Amino acid sequence: MQFTALQIATLIKGTLEGNPEVKVSKVSKIEEAIEGSLSFVANPKYEEYLYSSKASVIIVNESLKLAAPVSATLIRVADAYMAFALLLEKYNEMVSNAGKNGIEQPSYVSKTASIGKDVYIAAFAYIGENVIIGDRVKIYPGCYIGDNVVINEDSVLYSGVKIYNECSVGSRVFIHSGCVIGGDGFGFAPLNNGSYKKVPQIGNVIIEDDVEIGANTTIDRATMGSTYIRKGVKLDNLIQIAHNVDIGENTVIAAQTGVSGSTKIGKNCVIGGQVGIVGHIHIADGTKINAQSGLSKSVLEANQALNGSPAFDYKSSLRSQAVFRNLPELNQRIMKLEETIAQLAALVKQDISINE
Amino acid sequence: MQFTALQIATLIKGTLEGNPEVKVSKVSKIEEAIEGSLSFVANPKYEEYLYSSKASVIIVNESLKLAAPVSATLIRVADAYMAFALLLEKYNEMVSNAGKNGIEQPSYVSKTASIGKDVYIAAFAYIGENVIIGDRVKIYPGCYIGDNVVINEDSVLYSGVKIYNECSVGSRVFIHSGCVIGGDGFGFAPLNNGSYKKVPQIGNVIIEDDVEIGANTTIDRATMGSTYIRKGVKLDNLIQIAHNVDIGENTVIAAQTGVSGSTKIGKNCVIGGQVGIVGHIHIADGTKINAQSGLSKSVLEANQALNGSPAFDYKSSLRSQAVFRNLPELNQRIMKLEETIAQLAALVKQDISINE
Amino acid sequence: MQFTALQIATLIKGTLEGNPEVKVSKVSKIEEAIEGSLSFVANPKYEEYLYSSKASVIIVNESLKLAAPVSATLIRVADAYMAFALLLEKYNEMVSNAGKNGIEQPSYVSKTASIGKDVYIAAFAYIGENVIIGDRVKIYPGCYIGDNVVINEDSVLYSGVKIYNECSVGSRVFIHSGCVIGGDGFGFAPLNNGSYKKVPQIGNVIIEDDVEIGANTTIDRATMGSTYIRKGVKLDNLIQIAHNVDIGENTVIAAQTGVSGSTKIGKNCVIGGQVGIVGHIHIADGTKINAQSGLSKSVLEANQALNGSPAFDYKSSLRSQAVFRNLPELNQRIMKLEETIAQLAALVKQDISINE
């Protein structure tokens with residue numbers, strides 16, 4: 001497929017600079033673009049590539065000031081990243097998931113399951129008792145859908161997703177390969193002989209609409225009640241969400257972070273990778289937590305930024321980290337002070353004794 | 001199903017306070033309980049909910065002193081959490097795993113495998129050569145059991161568990177979805193040209209009785225000999241256990257922790273989430289390790305508590321962390337001291353020179 | 001199978017000390033060796049076992065100096081670990097993967113797929129449209145190979161590996177159970193209402209030759225272009241590799257480490273477990289990063305060693321960590337200095353006033 005710069009500019013409502021008739025047939029990162037590529041520059045870090053790029057068409061921010069001539073046709077828009085994402089989305093719709101329809105064999109669909117219209121159920125998918133699958137849902141090979149699970153319309157479960165019984169998944173939810181939804185929460189009561197007794201986990205997991213969950217992430221079912229992943233939440237790969245956690249709307253969590261049991265995270269939080277959050281705390285709306293931080297206390301005030309393990313105010317934490325690097329030198333300065341002061345003290349006392 | 005407060009009190013041998021005839025039909029967390037709910041309060045953190053709860057029956061500790069009147073019927077027992085867990089267990093037995101029996105089709109069971117009585121082998125499960133499956137074992141859809149594996153009675157493998165050849169699993173073991181047992185240990189010998197040569201991993205993994213393993217946890221086979229998960233060990237989700245590790249009886253490990261090769265962990269240890277433990281060390285019985293700690297040395301004395309990365313004594317570590325927050329201020333104080341002392345030194349020397 | 005010490009010495013070109021006719025029938029770790037065992041000692045940590053071992057044959061380094069008599073027949077070689085690995089490899093070839101050949105049923109192989117010679121495709125494996133599978137590739141039960149994927153000769157995909165469409169895998173690549181290759185990168189553009197819009201991920205993952213990837217590791221497809229795992233890279237379990245990352249030849253990464261988007265890691269790096277690396281940075285060839293470190297900046301100079309979160313020079317970092325343990329004492333010393341200096345200042349001023 002080929003598109004002209006003009007067609008693209010029209011589609012994303014941008015302003016053209018350069019030849020409107022130049023054609024592109026592929027999309028590329030700016031640093032890898034060749035003739036015929038459509039590319040974009042949104043992050044100033046990548047602006048340097050603009051001037052040497054062989055790309056035929058480049059989408060840029062309206063606000064960009066050129067530091068040198070550019071050979072490509074430019075299309076200026078308010079937000080180059082968003083405009084490019086929109087184009088990719090249209091492209092993706094044409095390419096991926098195409099032709100995935102119907103029920104492949106061999107698959108296992110319980111007679112008591114209710115299957116919507118235009119559904120894709122791949123070979124080796126397993127649909128348990130009383131499961132309800134909404135219209136246009138796609139279930140890739142090797143998925144397991146336990147008894148009484150509900151999956152609403154337009155959701156996609158990639159290969160090997162496992163959903164335990166009683167859980168529910170909203171509309172337009174994307175769950176990537178290897179995710180486990182609804183495994184038992186980690187609850188054990190210590191016995192006198194040092195062993196542990198399992199606390200049965202009889203709750204479920206409720207995933208609301210427009211959620212995306214990365215590969216091999218695990219979300220445990222509640223002991224009682226539900227573990228909630230609210231509308232619009234985005235979870236990266238290899239994240240652990242423990243039993244009875246509640247993650248607020250539009251909160252984003254990066255890879256390998258873990259949230260312990262019964263913690264409630266607010267809306268619109270941004271949580272970095274490899275963060276650890278203890279159980280039974282509340283995190284206010286709009287909290288930002290830097291990667292590798294460890295949260296051990298509730299965050300009561302909204303929109304704070306935190307860092308460190310244990311985490312505290314982001315900027316203060318950076319200052320402490322800066323001094324940390326110089327601790328050996330600090331130690332030396334204290335030793336020096338101790339010596340000097342001992343000499344001075346001797347001097348002063350001697351001096352005083354002379355005077356007396 | 002409905003139960004009266006009296007029936008429940010009798011079952012868990014508790015003392016009734018309030019109407020013995022009130023009925024419950026569901027179990028709820030105390031903060032979500034409604035009329036008809038059975039609930040419990042064990043953690044003092046949740047005691048506040050006791051006084052406003054609409055629950056019909058609440059199980060509490062014998063030792064609890066009421067700070068205000070309570071509308072629910074109370075049942076007092078020595079350990080409210082344990083009593084409640086017991087009730088959930090009985091409830092769970094009635095609901096989950098029910099009706100999972102027999103060999104679903106299509107599944108793959110090698111002719112050389114030996115299958116016990118009352119076993120559940122789901123569709124898309126794969127049972128390799130010479131596998132031995134004990135009585136009442138349940139194997140959910142999409143599990144893979146490699147050649148020569150033994151799984152003892154009453155164990156449950158949830159959907160998508162993978163067990164490589166030659167490994168063994170004890171009785172009453174629960175393994176959650178996506179676990180990988182017996183993958184190759186990470187052993188490579190460096191060559192002169194900068195590349196690495198794989199060291200074949202010809203050992204196995206031995207999982208003893210009464211173990212529970214969380215979703216997507218990985219346990220590598222030994223280079224030679226065995227990686228051991230001893231009786232009663234509880235592992236949470238997304239944990240990494242490397243080759244030749246040995247985890248002692250009744251040790252509990254929270255999510256996303258990693259244990260490096262050949263490390264031996266004692267009995268009754270409690271290890272938090274996201275902890276890292278280096279290889280080739282010993283950890284004494286009863287060691288407690290706080291979340292996100294990094295252990296780089298053996299722990300020789302039993303029952304110690306550790307924290308930090310690198311980890312040291314828990315309480316000392318908290319004190320160091322407290323000073324860490326104030327490092328910029330500490331730095332200021334040192335600068336102030338340096339200034340003051342320079343002024344004093346000048347003063348003293350001037351003074352002395354005057355006197356001389 | 002039985003081998004004599006002489007046969008083994010000949011095979012690995014070692015020098016015999018002791019009875020050349022003694023026979024071994026199994027391989028064991030030195031601390032678990034019994035009569036009839038072949039074992040090795042390479043790490044000085046394990047030398048103590050040499051003198052009490054019941055092993056019949058022990059491979060040791062040429063350079064080893066005996067501190068006491070040894071009952072076993074010794075075979076001396078330049079590198080005992082490598083020689084032993086070579087033997088294990090030959091042993092492993094005889095035992096594992098043996099008899100895995102042909103296409104088991106039920107499996108799903110698209111009619112448009114091209115399958116090489118002597119391939120193993122297990123039951124419940126799924127091979128999508130236009131997939132190309134090279135000669136002698138082994139695909140274990142429950143693997144998913146998406147449309148247009150290429151897998152080159154002699155590679156092994158253990159049970160439950162998921163490879164999304166358009167990705168490619170080199171020759172002699174080993175991918176362990178539960179790995180997810182080519183899931184969507186974590187890219188979302190924030191909208192004004194606080195929600196996020198998915199950025200389609202239309203690139204792929206390219207895995208070059210001689211790579212090994214541990215269980216449940218996830219490697220995301222590029223937004224555009226490719227995520228690269230270069231020749232000879234070894235990845236451990238539960239690692240997260242984000243979109244557009246490029247990992248250089250022969251770099252080794254331990255378990256649970258995460259690499260954020262668009263970061264480029266050089267050749268021959270050695271990266272410990274649970275390390276976090278931010279996005280959009282470059283790491284020079286030969287960099288060593290200690291376990292649990294957090295890298296937030298590019299590493300420009302080759303062959304540096306780093307530690308800590310945030311990471312800096314390894315040795316300096318250890319010195320800072322050593323002072324960290326004594327921070328409470330440092331604080332005390334500063335308080336003491338402040339007191340002493342206040343007393344001195346009072347004394348000096350008094351003294352001066354006397355003199356004046």
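Things to note about the overall build of chain A
Each helix and strand counted, chain A has 4 helices and 40 strands in total. If you line up chain A on its principal axes, its C-alpha atoms span 105 × 75 × 30 Å. In chain A, the share of contacts with a sequence separation of at least 24, taken over all contacts with a separation of at least 6, comes to 18%. Surface accessibility of chain A: about 14,300 Å² in total, with carbon and sulfur atoms responsible for 51%. Seen as two clouds, the 32 positive and the 36 negative side-chain charges of chain A have centres 1 Å apart.

What about the packing of aromatic side chains?
Counting across every chain of the model gives 39 aromatic pairs over all chains. When the centroid spacing of 6.3 Å and the interplanar angle of 85° are considered together, the rings of Tyr-144 of chain A and Tyr-140 of chain B count as edge-to-face. Of the two residues, Tyr-144 of chain A is situated in strand β15 (residues 144–145) and Tyr-140 of chain B in the loop between β14 (138–139) and β15 (144–145); the pairing between them involves two chains. Accessibility assignment for this pair places Tyr-144 of chain A and Tyr-140 of chain B in one class, buried.

Overview of the interface of chain B and chain C
Across the contact, 72 residues belong to chain B and 66 residues belong to chain C. Summing both partners gives a buried area of about 5,600 Å² for chain B against chain C, and 65% of it is carried by carbon and sulfur. In this assembly, chain B and chain C are joined by 4 salt bridges. The shortest N-O distance in the salt bridge between Lys-198 of chain B and Glu-212 of chain C comes to 2.7 Å. Run the count over chain B and chain C and you get 27 residue pairs in polar contact (both at pLDDT 80 or more). Elements with a contribution of two residues or more to the side of chain B that touches chain C: β21 (180–183), β22 (188–190), β23 (196–198), β26 (218–220), α3 (314–325) and α4 (327–355) of chain B. Element by element, the count of residues in the side of chain B that touches chain C is highest for α4 of chain B, at 12 residues.

With respect to the sheet that holds strand β33 (residues 264–265) of chain A
Residues and elements named next belong to chain A. Ordered by their spatial adjacency, 9 strands build an open sheet running β10-β13-β16-β19-β24-β27-β30-β33-β36, and the pairing between neighbours is parallel. The two strands at the open ends of the sheet, each matched to only one other strand, are β10 (114–115) and β36 (282–283). Direction of pairing for strand β16 (residues 150–151) relative to strand β19 (residues 168–169): parallel, over a ladder of 2 bridges. Bridging from a neighbouring strand, Val-150 pairs with Ser-168 of β19.

Details of the domain arrangement of chain A
As far as domains go, chain A holds domain 1 (3–97), domain 2 (102–316) and domain 3 (326–355). Taking only C-alpha atoms, the centre of domain 1 of chain A and the centre of domain 2 of chain A are 36 Å apart.

Notes on the relation of the copies chain B and chain C
Superposition of chain B onto chain C requires a rotation of 120° combined with a translation of 0.0 Å along the rotation axis, giving an RMSD of 0.1 Å. Those values place the two copies in the arrangement expected of a three-fold rotation axis.

Let's talk about the sheet that holds β26 of chain B
Residue and element names in this part refer to chain B. Taken in spatial order, the 10 strands line up as β9-β12-β15-β18-β21-β26-β29-β32-β35-β38 in an open sheet, and their pairing is parallel. Two strands bound the open sheet, and with one partner strand each, they are β9 (108–109) and β38 (294–295). The pairing of strand β35 (residues 276–277) with β38 spans 2 bridges and is parallel. Counted as the bridge partner of Ile-277 is Leu-295 from β38.

Focus: the interface of chain A and chain C
The interface is formed by 66 residues belonging to chain A together with 70 residues belonging to chain C. The contact between chain A and chain C buries some 5,600 Å² in all, and 65% of this surface belongs to carbon and sulfur atoms. Sorting the residues of chain A by area buried against chain C places Phe-124, Arg-325 and Ile-341 of chain A first, and these three jointly supply 10% of that buried surface. There are 4 salt bridges connecting chain A and chain C. Salt-bridge contacts for Arg-333 of chain C lead to Glu-338 of chain A; the nearest nitrogen and oxygen are separated by 2.8 Å. Along the contact surface separating chain A from chain C lie 27 residue pairs in polar contact (both at pLDDT 80 or more). Considering every element that reaches the side of chain A that touches chain C, the biggest residue donor is helix α4 (residues 327–355) of chain A, with 14 residues. Among the residues forming the side of chain A that touches chain C, the class breakdown is 36 nonpolar, 18 polar and 12 charged.

Calculation criteria
- Residues numbered from 1 in each chain as written.
- Chains lettered and ligands numbered in written order.
- Predicted model: local features only at pLDDT ≥ 70, side-chain atom pairs only at ≥ 80, totals over all residues.
- Heavy atoms only, no water.
- Helix = DSSP H or I, 4+ residues; strand = E, 2+ residues; numbered from the N terminus.
- Contact = heavy atoms within 4.5 Å.
- Areas by Shrake-Rupley, 256 points an atom, 1.4 Å probe, with all protein chains shown as cover.
- Lys, Arg positive; Asp, Glu negative; His and termini not counted.
- Charge placed at Lys NZ, Arg CZ, Asp CG, Glu CD.
- Phe/Tyr/Trp six-rings, centres within 6.5 Å; stacked < 30°, edge-to-face > 60°.
- Buried < 20%, exposed > 50% of the residue type's maximum accessible area, 1.4 Å probe, protein only.
- Buried area = accessible area lost by both parts, 1.4 Å probe.
- Salt bridge = Lys/Arg side-chain N within 4 Å of Asp/Glu carboxyl O.
- Polar contact = N/O pair within 3.5 Å; in protein donor to acceptor, adjacent residues only side chain to side chain.
- Pairing = 2+ DSSP bridges.
- Domains from an automatic or database assignment.
- Least-squares fit on C-alpha atoms with pLDDT ≥ 70 in both.
- Nonpolar A, V, L, I, M, F, W, Y, C, P; charged D, E, K, R; others polar.

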